[in-house]
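So you can see what is in the structure, the chains are spelled out below.
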Amino acid sequence: MAITTQETGQAAAEASGMPQLDPAAFGTQIFWLVVTLVVIYFVLTKIALPRIEGVLAERQSTITNDIAAAEELKQKAIEAEDAYNQALADARAEANKIVAEAKAEIQADVDAAAAKADAEIAAKAAESEAAIAEIRAGAVESVKAVAKDATQDIVAALGGSADAKTITAAITARMKG
Amino acid sequence: MAEQSAKQGGGLAKIVFFVVLALVLISGVVFAPETRELAIHPMEQFKVTPLFGGDLGAITITNQTLWLALSVISVILLLVVGSRGRAIIPSRSQSIAELAYGFIYKMVEDVAGKDAVKYFPGIMTLFMFIVTANFLGLLPMSFTTTSHIAVTAILAGIVFVFVTILGFVKNGAGFLGLFWVSSAPLPLRPILAIIELISYFVRPVSHSIRLAGNVMAGHAVIKVFAGFAGALGVAGFLPIFAISAVLALEVLVAFIQAYVFTILTCVYLKDALHPSH
């Protein structure tokens, strides 16, 4: 029975020239096609598609997380930069303050030293003036004594005699003039 | 300098390989006198023959069964074995698997709508089967399962029956609105309804014959050229060259027909889910 169907089928196919139209082959073709489709469908739904979907979702979440992490790191970098700038400004202000303080201290020291030196100089000058005045007074006395002696000797050499009282009075008058 | 000479050496080896291949082919043509008669049997490649003898019964294992099994294995190799690494940075085969997944998923989403996504595994099954069967069919001496109208008719029939039942289940009698063109003037509507109804029932026919016809035509053309090559002797390089060109075209057709079949399935699915015009 099967043989006759096949023969007639093949005869029909040869007549039409297309093996595709051989009805004897339809049964096995359809059966195995359906088996194939069912197998592929189950392989896809049970294994392949969930796995690929999982991988894609995981990649998407990884990318999202990475972008978020990068954003966070960028924020942190900006904050760090701000903190650095702040620290730099603080340090600069501190340094300026220290410099100003040191300057003021030094100025005070210098002023004190200058005042002390002025006072010392004034004292020394006064002392020197006193000494000069004393020396001058001493010198006038000595000149007077020398002039008296010289006058007495000159008067004696001229043959006159003069008492000490007159000479002294004359010298004193001359010294004043 | 050494790199360049190595590259040139590789090119030279390639040229030598192709020259030897061409000589073997041409000598086979020239020195095999019994093949020189015009023996063109372009349709023989489509014959379904039992692998282990016997008659063609309903579940006989035939050469077609073998190539159906090979396409199942190809799908498993590509989508299951290829993606086994589950890597964040994919390997090459995993990339292809993800590409296929994204391609069909986006197609379903864009063409059939967001609510059609739950039918994505079925559409993916259709696409993967057709695309692997088409590409396997391009191998020399292979059997192309999608060149058989019995195969494509079942594929299109599954889509047609599923989509029709889904349309009625989702929309009830509202599914008939698909045939009632409410934007047309009232007197025209019954006529349009008849045309729409006919075109609806022609869908599975065109859907199936388009795929089988395209695949079969290309394969038959290649076989015809191959017969010329046998008959022409030394001048056989001309048809061999033509075969290369047709084969390149067939590579395109293999993918495009799988794509067309799948996108039409999505369109029909959209009609079932949203029957209003």
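Residues numbered from 1 in each chain as written. Chains lettered and ligands numbered in written order. Predicted model: local features only at pLDDT ≥ 70, side-chain atom pairs only at ≥ 80, totals over all residues. Heavy atoms only, no water.

Undergrad: I would appreciate a short explanation of the environment of Thr132(B) in the present structure.
TA: All names here are of chain B. Of note, Thr132 is situated in helix H4 (residues 120-136). Look at Thr132 and you get buried, because its relative accessible area is 10%. Linking Thr132 and Gly57, residues 75 residues apart in sequence, is a C-alpha distance of 26 Å. Setting aside its immediate chain neighbours within four residues, Thr132 contacts Ser71, Ser74 and Val75. Among the polar contacts made by the side chain of Thr132, one reaches the main-chain carbonyl oxygen of Phe129 at a distance of 3.0 Å. (Helix = DSSP H or I, 4+ residues; strand = E, 2+ residues; numbered from the N terminus. Buried < 20%, exposed > 50% of the residue type's maximum accessible area, 1.4 Å probe, protein only. Contact = heavy atoms within 4.5 Å. Polar contact = N/O pair within 3.5 Å; in protein donor to acceptor, adjacent residues only side chain to side chain.)

Undergrad: Looking at this structure, how should I read the interface of chain A and chain B?
TA: It is common to give the size of an interface as the accessible area lost on bringing the parts into contact. Counting from both sides, the interface comprises 38 residues of chain A and, opposite them, 46 residues of chain B. Taken over both partners, the interface formed by chain A and chain B buries close to 3800 Å², and the fraction arising from carbon and sulfur atoms is 74%. Three residues stand out in chain A for area buried against chain B, namely Gln20(A), Gln29(A) and Arg51(A), and they jointly supply 17% of the buried area on that side. For the pair chain A and chain B, the number of links is one salt bridge. Between Arg59(A) and Glu98(B) there is a salt bridge, with its nearest N and O atoms 2.8 Å apart. The interface formed by chain A and chain B includes eleven residue pairs in polar contact (both at pLDDT 80 or more). (Buried area = accessible area lost by both parts, 1.4 Å probe. Salt bridge = Lys/Arg side-chain N within 4 Å of Asp/Glu carboxyl O.)

Undergrad: Would you mind going over the nonpolar core with me for this structure?
TA: If you look at soluble globular proteins, the nonpolar side chains tend to sit buried side by side. If you look at the biggest cluster of nonpolar residues, it comprises 54 residues, and the most contacted ones within it are Leu79(B), Met124(B), Phe129(B), Leu155(B) and Leu269(B). Every element with two or more residues in this core is listed here: helix H2 (26-157) of chain A together with helix H2 (63-81), helix H3 (92-112), H4, helix H5 (149-171), helix H6 (189-232) and helix H7 (237-273) of chain B. The element contributing the most residues to this core is H4(B), with ten residues. Beyond its immediate chain neighbours, meaning those up to four positions away, Phe129(B) contacts Leu33(A), Thr36(A), Leu37(A), Ile40(A), Leu68(B), Ser71(B), Thr145(B), Thr146(B), Val151(B) and Leu155(B). Judged by nonpolar contacts, the second largest core, of seven residues, contains Ala25(A), Leu56(B), Leu136(B) and Phe143(B). (Core = buried A, V, L, I, M, F, W, Y, C linked by side-chain atoms within 4.5 Å.)

Undergrad: What is the right way to look at unusual backbone geometry in this model?
TA: Across residues other than glycine, the phi torsion is negative in most instances, and most of the peptide bonds are trans. Residue and element names in this part refer to chain B. A positive phi angle, close to 50°, is found at Arg86, a residue other than glycine. Inspection of the secondary structure assignment puts Arg86 in the loop between H2 and H3. Under the relative-accessibility criterion, Arg86 is labelled partly exposed at 48%. Positioned with a positive phi, Met141 is a non-glycine residue whose angle comes to about 70°.

Undergrad: Can you help me understand empty space enclosed by the protein in this one?
TA: By rolling a water-sized probe across the atoms, one finds the places where empty space is left. All names here are of chain B. Under the counting rule described, the total for this entry stands at two cavities of 30 Å³ or more. Taken as a whole, the second largest cavity spans an internal volume of roughly 30 Å³. Looking at the second largest cavity, the residues that line it are Asn134, Leu138, Val215, His219, Glu250, Val253 and Ala254. Among the elements of the structure, H6 and H7 are those that each provide at least two residues to the lining of the second largest cavity. Per-element tally for the lining of the second largest cavity: the top contributor is H7, with three residues. Looking at the lining of the second largest cavity, its residues break down into four nonpolar, two polar and one charged. (1 Å grid on protein atoms, 1.4 Å probe; cavity = no way out; pocket = protein on both sides within 12 Å on 5 of 7 lines; lining within 4 Å. Points joined across faces, edges and corners; volume = space filled by probe spheres on them. Nonpolar A, V, L, I, M, F, W, Y, C, P; charged D, E, K, R; others polar.)

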